[in-house]
Amino acid sequence: MGHLSDRLLPGADPERTTMTERKAIESWLTDMDGVLVHEGVPVPGAPEFVNKLKSSGKPFLILTNNSIYTPRDLQARLNRVGFDVPEQSIWTSALATAQFLADQRPGGTAYVIGEAGLTTAMHAAGYVLTEFDPDYVVLGETRTYSFEAITKAIRLIDGGAKFICTNPDATGPSNEGALPAAGSVAAMISKATGVDPYFIGKPNPVMMRSALNTIEAHSESTAMIGDRMDTDVLCGLEAGLETILVLTGISDRAESERYPYRPSRVIDSVADLIPEI
């Protein structure tokens with residue numbers, strides 16, 4: 001077996017690496033922002049890629065670290081820009097967080113900072129949302145972080161509640177520029193309490209494993225498509241998946257060379273994968 005450094009070099013022919021002999025891809029996981037859509041506009045060929053996945057009958061999930069929206073919300077947003085995606089084919093950090101907590105402490109209680117994507121998932125997992133002596137403080141994304149809510153979270157963690165955060169992203173995009181996201185708010189709470197959260201979303205392989213379990217897929221025959229080396233590729237790599245970096249989002253070929261790990265392949269966009277499905 002070769003080394004990680006034997007993986008495809010930027011600028012090389014975008015064929016599958018021969019580092020290891022992998023099984024044929026039978027299941028697909030793909031990030032959403034930067035892979036299927038970019039700044040609210042479909043990546044050229046991405047709707048056709050999703051249609052090909054659907055018609056192939058192969059299991060697939062669209063992943064996002066954003067915990068604001070429910071899968072139904074995201075389905076509607078994608079539909080408006082030309083994607084026909086089943087609700088059950090969308091997997092969020094909120095769903096992964098709720099599933100993780102339901103496995104860890106079934107029927108537990110939590111104080112939740114977040115929006116419908118997270119609160120709906122927590123309720124569906126059988127959790128009671130409360131601010132009175134909860135088992136967990138669960139921090140997710142929200143458009144309006146409340147100082148009062150953050151203060152309450154700090155006091156509950158000081159009182160013994162365990163600290164969970166849906167994802168480590170420090171900032172999120174907006175039309176006006178970067179917005180503070182869950183990772184930044186988590187850092188503030190950690191500074192005040194001395195307690196670090198357990199992050200569920202990418203690059204934690206828990207996010208990837210929960211997605212695999214949802215579609216009953218196996219890591220040896222699943223590919224993860226992403227536009228970020230530090231989340232998508234890292235997460236897929238640590239979960240044992242084939243990793244495909246697309247150049248339609250955050251990371252470019254030059255940046256991918258700076259990391260101590262490599263994706264299995266670097267391609268221009270998901271459109272390049274259509275013949276392979």
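Provided above is the structure to which this section pertains.
Residues numbered from 1 in each chain as written. Predicted model: local features only at pLDDT ≥ 70, side-chain atom pairs only at ≥ 80, totals over all residues. Heavy atoms only, no water.

### Let's talk about the pattern of salt bridges
The condition is simple: Between Lys or Arg on one side and Asp or Glu on the other, a salt bridge is scored when a side-chain nitrogen of the former is within 4 Å of a carboxyl oxygen of the latter. For the purposes of this entry, the term helix denotes a DSSP run of H or I that reaches at least four residues, the term strand denotes a run of E that reaches at least two, and both are numbered from the N terminus. Residue burial is assigned from relative accessible area. The probe radius is 1.4 Å, only protein chains are included, and a residue is buried under 20% of its type maximum, exposed over 50%, and partly exposed in between.
Under the definition given, this model contains 12 salt bridges. We note a salt bridge from Lys202 to Asp232, for which the minimum N-O separation is 2.7 Å. In this pair, Lys202 sits in the loop between β12 (198-199) and α7 (205-214) while Asp232 sits in helix α8 (residues 229-238), placing the two residues 30 residues apart along the sequence. The exposure classification of Lys202 matches that of Asp232, with both residues buried. Here Glu276 ties to Arg265 by a salt bridge, and the two come within 2.9 Å at their closest N and O atoms. Note that Glu276 is positioned in the segment after β15 (265-267) and Arg265 in strand β15, a separation of 11 residues in sequence. Here Arg265 falls in the buried class, since its relative accessible area comes to 4%. Taken together, the shared-partner salt bridges connect Asp31, Lys202 and Asp232 into one network.

### Here we look at the sheet that holds strand β13 (residues 222-226)
We count it as follows: Here, a strand pair is defined by DSSP locating no fewer than two bridges between the strands. Here an axis means a line fitted to C-alpha atoms, over the contact stretch when the element is a helix, while the angle between two N-to-C directions is reported on a 0 to 180 degree scale. Contact criterion: two residues are considered in contact whenever any of their non-hydrogen atoms come within 4.5 Å of each other.
With respect to topology, 6 strands assemble into an open sheet ordered β5-β4-β1-β13-β14-β15, the strand pairing being parallel. Looking at which strands have only one partner, the edges of the open sheet turn out to be β5 (90-92) and β15. For this sheet the average axis-to-axis angle between neighbouring strands, irrespective of direction, equals 25°. As paired elements, strand β1 (residues 27-31) and strand β4 (residues 60-64) share 4 bridges and run parallel to each other. Within the sheet, the bridge partner assigned to Leu29 lies in β4 and is Leu61. Packed onto the sheet, helix α3 (residues 93-104) meets β4 and β5 and runs at close to 65° relative to β5. Of the strands in this sheet, β1, β13 and β14 (242-246) are in contact with α8, which crosses β14 at around 160°.

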